[in-house]
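Here's the letter readout for the chains.
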Amino acid sequence: MASAEATDPIDSTSCDREPIHLLGHVQSFGCLLSVSDDWIITHASENTSDILGFTARDKIGTRFCALFDEPVSHMLRGKSQLLQSGVTTSRAFGVELFEDGRHFDISVHPSGEGFIYEFERKVEGAHRNDIDLVQNLMAQLRVQPDVKALTDQAATALRGLCGFDRVMVYQFEDDGSGHVLSEAIDTDMESFLGLHYPASDIPRQARALYTKNPLRLIADVDGPVFPILPAQGAGAAPIDLSFAVTRAVSPIHLQYLRNMGTAASMSISILKDGQLWGLLSCHHRTPIYVDYERRTAVELFGLLFSCELSDRLNAVARIQEREAKALHDRILTRVSRGLGLFEDFNAFAAEVWDVIDFDGIGVYSDGSYISLGAAPNEAEFRGLARFLNKTTGGEVFATENLSARYDRTSEIADRVAGILVLPISRDPKDYLVLFRKEIARSKTWAGKPSKIISPRSTATQLSPRTSFEAWQQEIRGHCSPWSEADITFAQALRLALLEIVLEVTDAAGREAAKNRQKQEILIAELNHRVRNILNLISGLVDQSSQSGSSLQEYTSDLNGRIQSMARAHDLLTRENWGPASLSELVTGSFEAYQASGAAPLWIDGEDFQLEPNAFSTMALVIHELTTNSAKYGALRNEVGTVHVALDANDEGMLQIVWRETGGPPVNPPTRQGFGTTIIENSVPFDLNGRSRIEYKLTGIEVTFEIPPECFRKAAKQPLTFARDAQKLKPSFSLPLGRVLLLEDNLVIAMDTGSKLKKLGATDTCLASTVQRARRLVADRDIDFAVLDVNLNNETSVDIAQELHAAGIPFVLATGYGADNKVLADFPDCKVLKKPYDLDTMSAVISSVLQDAGRVGSTAVPDSVSSGAG
């Protein structure tokens, strides 16, 4: 931290005054060039020679575009043009600036009248699709059931995305302090979960910067920094680095991180309604550099997570608004019955208590006072009312620590520690006040907050605290905090009570007061309704951008289509990629989608074998037919029937007739979706055949005609097949215990981990290598294991043999078939073939646990196969 001015006292607010956006240095992983509006280089960081290959002082005052060839120069100037549209930062990745094989990631943002360009050497390596990874991680977040599960999953997902040892979801409190809400850490690290940190740990100006620049990387707390030349900009002021990605770090913050044992950090803003709600905070025990392209993906993850979190929190707020409106309506009902505040006060207090917890309630109106529960008496309240007259300003007022604001709290401390005040008039001052008793509680801080900073020997500088051991603070004189929901309810209640007061004063004949209060009510109601309209518009925008419930339907449909293709692939593989049975395809698809207890499927005629290309096409077509039938047709109820007739027509073509009866009445669709397009067009387009759909009132009838080159008659006899295809009911409460999950793909591992939790796993230990898996088996009591066969540079055969020898049951997860030679070296075990859904996973694991004697007999479908032996 820079030295404080001699006239400024050194205290905990000194950090708030440090100009951290004007430090005049950059970190070593990138260099900076500042250009004027006429494209003259005005500033350059001293390390341009290391990054770009030319000396900073030699280029200051020269033309920026002369540094590069014309195409590169044109591209870089074009990036600045994007900033005219309101974009705060323009980016380019993997740019070859000098035709020498070196590639760079580039950031551009406006600065005064010109622009700041920052360059980072591109980290070479395998091609990666960061945006696709972010999309997959967000899909995992969206299915979480509540806010806590969402933040837990966000920490886990971000740790997988960026590779830091520790990732925390940190939530700010109203006073600028904060606490660790969720955490994902390496197994040998001390947990910070639940710890509180004082506001000075992230000073006010740093919090303000996070609302402008959403990501901050400190790659190495002990790394060199390089000055920006010259030190001052136009007007002898240092260059503003608020939006710079390479901006150096305050020395006091670097020491703070060292004291925590942190060698590198990265922070990503969590914004709600434009305000800083918290941070995704990443710590690493050794220096770590995350390249700009990956940081951009991390920034996108943070933005999408912020939107998801805001949507969840706003959904809760909308529920609270509806409850507040219901309370408002009940209060108005009292008015319509001619009841004021003092009539049937017990019933009125009970209605308020239904939505806001309190220990006592009091109403002071028109010089009269009434109370219930733990509340001041009339004399005590009159003294409190004089304090409120100078404090509330006509608005709802809340404090959990009245003694910090009101010097006579000791007179009522045995009953009152905090108050929620609703002014219900302006002249005279009338109030509804809710009281809460003291609740003694403790708060766990990361180090003693009274020792946030300490003066150095010079008496002009500050240094951070060195201890972060958990410190318990006993909090007295406080009630349980008033929540945002409490405040929302209080504001709605105040509107309703203003109407009651108006009614009472009208009955008393005070016309002048009534007119003033009516105006206040109208203004308050207008404000209330305008806010509701704005919230509605905000909700519509959020829902439109996120597709609402259609995302779940999209995910379900996509998963079904993938599973249908996987089943087709398995059947073709079993036939050595030769012709496969059409009747098996139909029955298999029917079993996968038939609702429990539905009526039978009938297949008659001759069986035919489809060539591989035709089989794959018909797998998707049959899947769409069964899916639509389960949603809208014969399989939707217990009396419907699907009849499939297979025969060769006079032209020698295979004729497939799908006929549904007994289901709900059928109407042609009002629009053609993807599924209908597949049914109508796949056979004509892919197989050069014909298709026809008839929407009969009794049920849909679809006819396909497939050319002779796409099929052959099966050697089997003619068939008549009927089946009550009742879907196997998987068990979702299996005695799995602690499960070892060996999987080298993060997204698959997270998805499989979620499925294991649903199936009954109490804990999932994730490993991506055999070495890591061995450590977990040695350190933890592993009860079951799911092993991916083929890892990055190895297979899981060694750990499989060790688990087999130890008597720990396991399954193999692989895309290989059960008879593949890769599996020959594995012990005899069950194979879970990718892609797998929850039902298949449940059936396979149930079979393994049955063999191990941990569950009773369980029906296992044919898709469960043995891996070796």
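The rules we used
- Residues numbered from 1 in each chain as written.
- Predicted model: local features only at pLDDT ≥ 70, side-chain atom pairs only at ≥ 80, totals over all residues.
- Heavy atoms only, no water.
- Helix = DSSP H or I, 4+ residues; strand = E, 2+ residues; numbered from the N terminus.
- Buried < 20%, exposed > 50% of the residue type's maximum accessible area, 1.4 Å probe, protein only.
- Contact = heavy atoms within 4.5 Å.
- Areas by Shrake-Rupley, 256 points an atom, 1.4 Å probe, with all protein chains shown as cover.
- Lys, Arg positive; Asp, Glu negative; His and termini not counted.
- Salt bridge = Lys/Arg side-chain N within 4 Å of Asp/Glu carboxyl O.
- Pairing = 2+ DSSP bridges.
- Axes fitted to C-alpha atoms, helices over the stretch in contact; angles between N-to-C directions.
- Parallel < 35°, antiparallel > 145°, perpendicular 65-115°, else oblique.
- Nonpolar A, V, L, I, M, F, W, Y, C, P; charged D, E, K, R; others polar.
- Patch = residues over 30% accessible without salt bridge, like charges linked within 9 Å, V, L, I, M, F, W, Y side chains within 5 Å.
- Charge placed at Lys NZ, Arg CZ, Asp CG, Glu CD.
- Phe/Tyr/Trp six-rings, centres within 6.5 Å; stacked < 30°, edge-to-face > 60°.
- Lys NZ or Arg CZ within 6 Å of the ring centre and 35° of its normal.

A. Molecular detail of the overall build of the protein chain. When helices and strands are tallied, the protein chain shows 20 helices and 37 strands. In the protein chain, buried positions account for 48% of the 869 residues. Taking all contacts inside the protein chain whose residues are at least 6 apart in sequence as the whole, residues at least 24 apart take part in 67%. Counting every atom, the protein chain has about 40600 Å² of accessible surface; 51% of that belongs to carbon and sulfur.

B. Here's a closer look at helix α7 (residues 251-259). Along α7, the residues classified as buried are Ile252, Leu254, Tyr256 and Leu257. Residue Gly261 follows α7 closely and has a positive phi angle near 80°.

C. Region of the structure containing the side chain of Glu118. With respect to the helices and strands, Glu118 occurs in strand β6 (residues 114-121). Buried charge without a partner: Glu118 forms no salt bridge, and the closest opposite charge is Arg295, 7.2 Å away. Non-local contacts of Glu118, meaning those with residues more than four positions away in its chain, are made with Cys31, Leu32, Asp105, Ile106, Ser107, His109, Phe243, Ala244, Val245, Thr246 and Arg247.

D. Molecular detail of the pattern of salt bridges. Counted according to the given criterion, the structure contains 32 salt bridges. The partner of Arg294 in a salt bridge is Asp130, and the shortest N-O contact between them spans 2.8 Å. Placement of Arg294 in helix α8 (residues 292-336) and of Asp130 in helix α4 (residues 130-142) is noted, with a sequence separation of 164 residues between them. For the pair Arg294 and Asp130, one class covers both residues: buried. Between Asp851 and Lys830 there is a salt bridge, and its shortest N-O distance comes to 3.1 Å. Taken together, the positions of Asp851 in helix α20 (residues 838-851) and Lys830 in strand β36 (residues 830-833) put the pair 21 residues apart, joining distant regions of the chain. Overall, the relative accessible area of 57% leaves Asp851 in the exposed class.

E. Region of interest: the pairing of β6. Extensive coverage of β6 is indicated by the burial of seven of its eight residues. Sheet topology note: the strand β2 (residues 31-35)/β6 ladder contains five bridges and is antiparallel. In the sheet register, Ser34 faces β6, and the bridge partner there is Ile116. Bridge count for strand β5 (residues 103-111) against β6 is eight bridges, and the pairing is antiparallel.

F. View of the sheet that holds strand β1 (residues 25-27). With antiparallel pairing, the seven strands of this open sheet are ordered in space as β1-β11-β3-β2-β6-β5-β4. Every interior strand has two partners, whereas the edge strands, β1 and β4 (90-96), have only one. Taking each pair of neighbouring strands and ignoring which way they run, the sheet shows an average axis angle of 20°. Relative to β4, helix α3 (residues 70-82) is tilted by about 165°, and along the sheet it contacts β4, β5 and β6.

G. Structural context of the packing of α4 against helix α17 (residues 746-759). Look at α4 against α17: their axes get within 10 Å of each other, and the N-to-C directions meet at 10°. The orientation of α4 with respect to α17, classified from their angle, is roughly parallel. Residue-level inspection shows Leu133, Asn136, Leu137 and Gln140 of α4 in contact with α17, the latter providing Leu746, Val747, Met750, Asp751 and Ser754. In terms of residue class, the contact of α4 with α17 is made up of five nonpolar, three polar and one charged.

H. Representation of the sheet that holds strand β23 (residues 580-581) in the model. Pairing within the open sheet is antiparallel, and its three strands lie in the order β23-β25-β30. The open sheet has two edge strands, β23 and β30 (711-713), and neither has a second partner. Bridging between strand β25 (residues 608-610) and β30 involves three bridges; their strand directions are antiparallel. Among the inter-strand pairings, Leu610 is bridged to a residue of β30, identified as Phe711.

I. Region of interest: a negative patch on the surface. The grouping of Asp69, Glu70, Glu96 and Glu99 at the surface amounts to a negative patch. Along the polypeptide, Glu96 turns up in strand β4. Judged by relative accessible area, which is 34%, Glu96 ranks as partly exposed.

J. Representation of the packing of aromatic side chains in the model. Taken as a whole and judged by the stated rule, the model has 18 aromatic pairs. Taken together, a centroid distance of 5.8 Å and an interplanar angle of 55° make the contact between Phe93 and Tyr292 tilted. In this pair, Phe93 sits in strand β4 while Tyr292 sits in helix α8, placing the two residues 199 residues apart along the sequence. Accessibility expressed as a relative area gives 32% for Phe93, which makes it partly exposed. With 5.6 Å between their ring centres and 80° between their planes, Phe608 and Phe711 make a pair best called edge-to-face. Here Phe608 is found in strand β25, whereas its partner Phe711 is found in strand β30, with 103 residues between them in sequence. In terms of burial, Phe608 and Phe711 fall into one category: buried. Site record: aromatic cluster; members linked through ring pairs are Trp39, Phe64, Phe68, Phe98, Phe104, Phe115, Tyr117 and Phe119. In this structure, Arg166 is placed above the aromatic ring of Phe192, and the distance from its NZ or CZ to the ring centre is 3.7 Å.

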